[in-house]
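Fold and contact review
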Amino acid sequence: MKQIGNLAIVCARRKDVTLRIEQGRVMVLSEAAYAPAAFSADWDDDETILSIIHELNFGQCAPKSQ
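Just so you know, the residues in each chain are numbered from 1, in the order the chain's sequence is written. This being a predicted model, a pLDDT of at least 70 is required before a residue's local features are given, and a value of 80 or more before pairs of side-chain atoms are given or counted; all residues contribute to the totals for chains, interfaces and linings. Side-chain metrics in this entry use all non-hydrogen atoms of the structure; hydrogen atoms and water are not considered.

Examining the overall build of the protein chain
For clarity, the cut-off: Helical segments are the DSSP runs of H or I of at least four residues, strand segments are the runs of E of at least two, and each set is numbered from the N terminus. For the radius of gyration, the atom set is restricted to C-alpha positions; the globular benchmark scales as 2.2 Å times the number of residues to the power 0.38. Classification of residues uses two cut-offs on accessible area relative to the type maximum, computed with a 1.4 Å probe and protein chains only: under 20% is buried, over 50% is exposed, and between them is partly exposed. Note on contacts: a residue pair is in contact if any heavy atoms of the two residues lie within 4.5 Å. Computed with the Shrake-Rupley method and a 1.4 Å probe, the accessible areas treat only the protein chains shown as cover for residues. The charge count treats Lys and Arg as positive and Asp and Glu as negative. His and the chain ends do not count. Note on charges: their place is set at NZ of Lys, CZ of Arg, CG of Asp or CD of Glu.
Helices and strands together make up the secondary structure of the protein chain, namely 2 helices and 3 strands. Counting from the amino terminus, helix and strand elements in the protein chain follow one another as α-β-β-β-α. Expected size for 66 residues packed as a compact globule is a radius of gyration near 11 Å; at 11 Å, the protein chain falls within 12% of this value. The principal-axis extents of the C-alpha atoms in the protein chain amount to approximately 35 × 15 × 15 Å. By the burial criterion, 30% of the 66 residues in the protein chain qualify as buried. Sequence separation of 24 or more characterises 35% of the internal contacts of the protein chain that already satisfy a separation of 6 or more. Surface exposure of the protein chain reaches about 4,500 Å², of which carbon and sulfur atoms provide 52%. On the protein chain, the mean spot of the 7 positive side-chain charges and the mean spot of the 9 negative ones are 9 Å from each other.

Remarks on the nonpolar core
Nonpolar side chains in soluble globular proteins generally cluster together in the buried interior. Convention followed: Think of a nonpolar core as a cluster: buried Ala, Val, Leu, Ile, Met, Phe, Trp, Tyr and Cys residues, connected wherever their side-chain atoms sit within 4.5 Å.
Membership of the largest hydrophobic core comes to 13 residues, with the highest contact counts inside it found for Leu7, Cys11, Val26, Val28, Ile49, Ile52 and Leu56. Among the secondary structure elements, those contributing two or more residues to this core are α1 (4-12), β2 (25-30) and α2 (46-58). Those residues in contact with Val26 that sit more than four places away from it in its chain are Ile4, Leu7, Leu19, Arg20, Ile21, Phe39, Ser40, Ala41, Asp42, Trp43 and Ile49.

Points about the packing of α1 against α2
The line we're drawing: Here an angle of 0 to 180 degrees is reported between the N-to-C directions of two axes, which are lines fitted to C-alpha atoms, with helices fitted over the stretch in contact. These descriptions rest on fixed angle ranges, namely under 35 degrees for roughly parallel, over 145 for roughly antiparallel, 65 to 115 for roughly perpendicular, and the rest for oblique. By definition, turning the near helix anticlockwise from the far helix through less than a right angle yields a left-handed crossing, and turning it clockwise yields a right-handed one. Three classes are used: nonpolar for Ala, Val, Leu, Ile, Met, Phe, Trp, Tyr, Cys and Pro, charged for Asp, Glu, Lys and Arg, and polar for all others, with Gly counted as polar.
Interhelical geometry of α1 versus α2 gives an angle of 20° and a closest axis separation of 9 Å. With respect to their mutual orientation, α1 and α2 come out roughly parallel. At the point where α1 passes α2, the crossing takes the left-handed sense. Two secondary-structure elements touch here, α1 through Ile4, Asn6, Leu7, Val10 and Cys11 and α2 through Ile49, Ile52, Ile53, Leu56 and Asn57. When its residues are assigned to classes, the contact of α1 with α2 shows 8 nonpolar, 2 polar and no charged.

Pasting the structure below:
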C-alpha cells in the first residue's frame with residue numbers, strides 16, 4: 001500500500017502511461033511505440049508495484065534518453 005503513491009508519481013510524469021485504480025486493482029498501460037505493455041497488481045501488493053515502477057523507470061518501458 002505504501003508504493004501506490006510512488007507509482008502514481010511515476011505515471012503522472014509520463015504522457016504515454018495511464019494509471020487506473022478500480023475494484024482493488026492497479027492497472028498501468030504503457031502506450032510507448034517502442035514497448036507497449038500492460039501491468040496489473042492488487043492495490044496493496046507493494047512488491048509487485050515496485051517491480052512495475054522499476055520496469056517503467058529502467059526496463060523496456062523506460063523513456064529513451066535523448
